[in-house]
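One-letter residues, chain by chain:
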Amino acid sequence: MGTTGTTARSTGWFPVARATEVGTTPVPVGADGRAYVVVRLRPGGEVSAFPARCPHRLVPLAAGTVVEARLQCPYHGWRFDGEGRCVDVPSLGPDGTAPPRADLTVPWAVEERHGWVWLAPERTAVTLPPAPAGDPLPEPAPDPEPPAGPVFGNLDPSLEHAWHPVALARELRPGGWLQVRLLGRTWSLSRTGEELSADPPAWGVRERFGVVWLAPAEPRDVPLELPEDDDRRFVRGWLPPTRSPGPAGPLADAFLDVAHVPFVHAATSGAADRVELPAHDVDAEPGGFTSVQERWCDAPQDRGVATGEQPLRHRRRATYVYRAPFQLRLRLDLLDSGAATTILFLLQPEDPDSTRVYTCLLLSAGPGQPLPSPDVVAAEVAVEQRVLAEDLELQAQMASTGLPLGMRDELHVRADRLGVALRRALADFAAAR
Ligand code: FES
Ligand SMILES: [Fe+2]
C-alpha cells in the first residue's frame, strides 16, 4: 500500500521526492495539487521548497541555479533565500531593496523523513510526516497556476488586424510559391511577376524591407519605420529565420529588456555590461513607443575596440522603437566614433507555441568611414545568432502561453518600464475595435 493523496490530505503532509534525488539542482514537484520546486541550497544541506515560478516574469524556478546558498532565477538573476525572501534584484543596483511582493510564499514546512522529502503546504496539527505503510506515491508535478488576468497569446483575435512578416522576400522567388503558418492557419503565398498573392485570400500581401508581409484582415497597426533601410552608410545582414518554441509576446519582451543581458547572455554580449540600469523614459507614439537610453559601457566585443580604433569604455545610446503587435527595432550608436548598429526584430505568430523570428542587422562604421566589410557583417551576424539562441533557450524553459496583460500577474520593477509599456500597448491593440 502506498501513501495516497487521501491519507496525505488528512495529515497535511505530502511526500514529494526521494531524499536522495534532491540535490543542488531544483526538482519540480507537486503537493496537494500545487506546483513547487525542492532543492538543497548547500550540498548535503537541508531541503528548501519554493513555489514553481519566479514572481517577476513567471519563469519556472526549476530552471534556476543555486548560487551562494540562494536560489537564483535564470532570467534576471533575482535571488531567494531558504525562507523564500527575495534578497537580491540585480537591476536595482547594490543598494536597491526588493519590493515585498518579490518574496515567495513557501510551504508551511518541509521535512526529510523516512528517506523522503515531505511538504506541508499549510499549517497542520500533525507535526511530523507520518511513517508510510509502503513506498509513498508522490503526485506528479502539476502545471503552475495560469495568470489570473488576460494573456496575449499567438492566436489573439486582434492579430487578424495587423501586417505580419511571413517570409524573407528571397524565400519567395518569382514564379514560386511557399506555404507559411500564421495565427494557427496555413497560407500559400505565390509571386507572379511583381504580384504577390495569398491563398486563402488575405486583405493584403506586400513586400517591405526585404520581408513579405501578410494582413489577414484590415490592418490597424502602425508600420515600423526603418530609416537605415535607404541610408547608404549602412550595410545589412540577415540572420537565417529561426523558430521560437513559444508565443511572440514574451520574446518581444526579452528584446526590450536590458536587465536579462548579464544573466542570459553572460557568454556572449552580457559579461561586460554593468547590471544596474540608469533611469530612462518611454515616449508613447501612435501604435507603440520609443525609448532612448544613454550610458557609459565597456564593450570589448564592439567593432574597433579590439583594433584600438575605439576606447574600451565609451558612451553608447540605445534607441528602442516598438510598434504593435511584434515589430521592433534597436539602434545602438557609439557616440564617440559615430558607428551604429540597428537590429530589426520581427515576429511571425505561427501557432500558440511557435513563432518565426526574423532578425536583420544594419551596420555603419560612422561618417567618413568605409562600409563594414562582408567579413565584419558575417562576424556580427554570427554573434547575434548566438545571442538569439540564448534567448530562445530561455523562451523554451518559460513554457509560456503568452504575455500576461494584468499588471498584478507579474511583478514590475524600475528596469521594466519598456516591458510595462509593451503590455499596455498590446492591451490597447487587443482592445481596439
Ligand atoms: S528574475 Fe525571475 S523572471 Fe526575472
Ligand atoms: Fe536577450
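About the cut-offs
Residues numbered from 1 in each chain as written. Chains lettered and ligands numbered in written order. Predicted model: local features only at pLDDT ≥ 70, side-chain atom pairs only at ≥ 80, totals over all residues. Heavy atoms only, no water. Helix = DSSP H or I, 4+ residues; strand = E, 2+ residues; numbered from the N terminus. Rg over C-alpha atoms; globule rule 2.2 N^0.38 Å. Buried < 20%, exposed > 50% of the residue type's maximum accessible area, 1.4 Å probe, protein only. Contact = heavy atoms within 4.5 Å. Lys, Arg positive; Asp, Glu negative; His and termini not counted. Charge placed at Lys NZ, Arg CZ, Asp CG, Glu CD. Polar contact = N/O pair within 3.5 Å; in protein donor to acceptor, adjacent residues only side chain to side chain. Domains from an automatic or database assignment. Buried area = accessible area lost by both parts, 1.4 Å probe. Donors = N, O, S within 2.8 Å, 3.2 Å for Na, K, Ca; no water. Tetrahedral: all angles 85-135°; square planar, octahedral: opposite > 155°, others 65-115°. Expected span 1.5 Å × (residues − 1). Salt bridge = Lys/Arg side-chain N within 4 Å of Asp/Glu carboxyl O. Axes fitted to C-alpha atoms, helices over the stretch in contact; angles between N-to-C directions. Parallel < 35°, antiparallel > 145°, perpendicular 65-115°, else oblique. Left-handed = near helix turned anticlockwise from the far one by under 90°. Nonpolar A, V, L, I, M, F, W, Y, C, P; charged D, E, K, R; others polar.

This part covers the overall build of the protein. Secondary structure assignment for the protein yields 6 helices and 26 strands. Compactness check: the protein gives a C-alpha radius of gyration of 25 Å against a globular reference of 22 Å for 433 residues, within 12% of the reference. Projected onto its principal axes, the C-alpha coordinates of the protein cover approximately 75 × 55 × 35 Å. Per-residue burial over the protein gives 53% buried out of 433 residues. In the protein, once contacts between residues fewer than 6 apart in sequence are set aside, the share between residues at least 24 apart is 59%. Averaged over its 43 positive side-chain charges, the protein has a centre that lies 1 Å from the centre of its 56 negative ones.

The next thing to look at is the side chain of Arg-191. Tracing the sequence through the fold places Arg-191 in strand S14 (residues 185-192). Since its relative accessible area comes to 11%, Arg-191 is described here as buried. Here the side chain of Arg-191 touches Glu-207 through a polar contact of 2.9 Å, side chain to side chain. Contacts of Arg-191, omitting those with residues within four sequence positions, involve Ala-169, Leu-172, Arg-173, Pro-174, Gly-175, Gly-176, Leu-196, Glu-207 and Val-212.

Attention now goes to the domain arrangement of the protein. Domain annotation of the protein identifies domain 1 (5-120), domain 2 (163-219) and domain 3 (223-431). Computed from C-alpha coordinates alone, the two centres of domain 2 and domain 3 are separated by 25 Å. Opposite the 18 residues of domain 2 that make contact, domain 3 presents 19 residues. Between domain 2 and domain 3 lies a buried interface of about 1,500 Å² when both sides are counted; carbon and sulfur atoms form 57% of it. For the domain 2 face of the interface with domain 3, the top three residues by lost area are Pro-165, Arg-181 and Phe-209, together amounting to 38%.

Protein coordination at the iron ion (ligand 2) comes from His-260 (NE2), His-265 (NE2), Asp-391 (OD) and Asp-391 (OD), with a distance range of 2.1 to 2.4 Å. Coordination at the iron ion (ligand 2) comes from 4 donor atoms whose angles at the metal span 58 to 157°, giving a geometry best classed as irregular. Residue classification places Asp-391 among the buried residues on the basis of a relative accessible area of 14%.

The end-to-end C-alpha separation of helix H6 (residues 417-431) is 21 Å, in line with the 21 Å expected for 15 residues at 1.5 Å each. Residues Leu-418, Gly-419, Val-420, Ala-421, Leu-422, Arg-423, Ala-425, Leu-426, Phe-429 and Ala-430 constitute the buried set of H6.

This brings us to the pattern of salt bridges. One pass over the full model with this rule turns up 26 salt bridges. Ionic pairing is found between Arg-331 and Asp-333, a salt bridge with its closest N-O pair at 3.1 Å. Overall, the relative accessible area of 8% leaves Asp-333 in the buried class. Ionic pairing is found between Glu-410 and Arg-423, a salt bridge with its closest N-O pair at 2.7 Å. Linking Glu-410 in the loop between strand S26 (403-404) and H6 with Arg-423 in helix H6, this pair joins segments that are 13 residues apart in sequence. The class for Glu-410 is buried, based on a relative accessible area of 2%. The network of salt bridges with common partners includes Glu-228, Glu-294, Arg-315, Arg-317, Arg-331 and Asp-333.

Here we take up helix H5 (residues 374-398). With 25 residues, H5 extends 36 Å between its outermost C-alpha atoms, agreeing within 8% with the 36 Å of an ideal straight helix rising 1.5 Å per residue. Buried residues of H5: Val-377, Val-381, Glu-384, Val-387, Leu-388, Glu-390, Asp-391, Leu-392, Leu-394, Gln-395 and Met-398, and no others. The positive-phi residue at the C-terminal boundary of H5 is Ala-399, with phi of around 45°.

For the pair helix H2 (residues 248-255) and H5, interaxial distance at closest approach is 11 Å and the crossing angle is 135°. Between H2 and H5, the crossing angle belongs to the class labelled oblique. By crossing handedness, the relation of H2 to H5 is classed as right-handed. Judged by residue contacts, Pro-250, Leu-251 and Ala-254 of H2 engage Asp-391, Leu-392, Gln-395 and Met-398 from H5. For the contact of H2 with H5, the class distribution of residues is 5 nonpolar, 1 polar and 1 charged.

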